[in-house]
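What follows is each chain in one-letter form.
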Amino acid sequence: MVGHSPSILVVDGLSETTAVLKAVFEPRGHAVNRVRQSQLPNSTLSAPRVVVWHASESDFTSLAARFQGIPRIFIGRADDPAPDAETRRFAQPFEYRELLGTIESLLAKADAA
């Protein structure tokens, strides 16, 4: 269960992804938490700044609905549906360098807003 609102919330996926994100972003002051989809609370006190979600195409609608208004990164094997301004998509396998750059961009955009 998420105890406090992280800057970056990782849902499902590999623990290595979370380890890489923690190594890069926590020294910069961004908390990184990882949860299973089944552990997500029905509501959170405050929303994360970026969500990284490893999921199947069937979970994509849940991602969009659950984190409306929050920048999201969807990682999975799926056809690209209609583009969504809040969602970036990565097919597996993906490059961590590209993922890190996208997260940095989304955090910077959130800081500027």
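Residues numbered from 1 in each chain as written. Predicted model: local features only at pLDDT ≥ 70, side-chain atom pairs only at ≥ 80, totals over all residues. Heavy atoms only, no water.

Undergrad: Report on helix 1 (residues 15–25), specifying residues and quantitative values.
TA: The complete set of buried residues in helix 1 reads Thr-17, Thr-18, Leu-21 and Phe-25. The arc enclosing the buried residues of helix 1, seen along the axis, measures out at 95°, which places them on a common side. (Buried < 20%, exposed > 50% of the residue type's maximum accessible area, 1.4 Å probe, protein only. Helix = DSSP H or I, 4+ residues; strand = E, 2+ residues; numbered from the N terminus. Arc of directions from axis to C-beta.)

Undergrad: A description of the sheet that holds strand 4 (residues 72–75) should follow, citing residues and the corresponding values.
TA: Taking strand neighbours across the sheet as the criterion, the 5 strands line up as 2-1-3-4-5 in an open arrangement whose pairing is parallel. The two strands at the open ends of the sheet, each matched to only one other strand, are strand 2 (32–35) and strand 5 (87–90). Across the sheet, the mean angle from the axis of one strand to that of its neighbour is 15°, orientation sign disregarded. The pairing of strand 3 (residues 50–54) with strand 4 spans 4 bridges and is parallel. Bridged to Val-52 within strand 4 is Ile-73. Lying on the sheet, helix 1 is in contact with strand 1 (8–11), strand 2 and strand 3; it crosses strand 2 at an angle near 170°. Sitting on the sheet, helix 3 (residues 96–112) touches strand 1, strand 3, strand 4 and strand 5, and the angle it makes with strand 5 is about 175°. (Pairing = 2+ DSSP bridges. Axes fitted to C-alpha atoms, helices over the stretch in contact; angles between N-to-C directions. Contact = heavy atoms within 4.5 Å.)

These results come straight from atomic positions and should not be treated as a statement about function.
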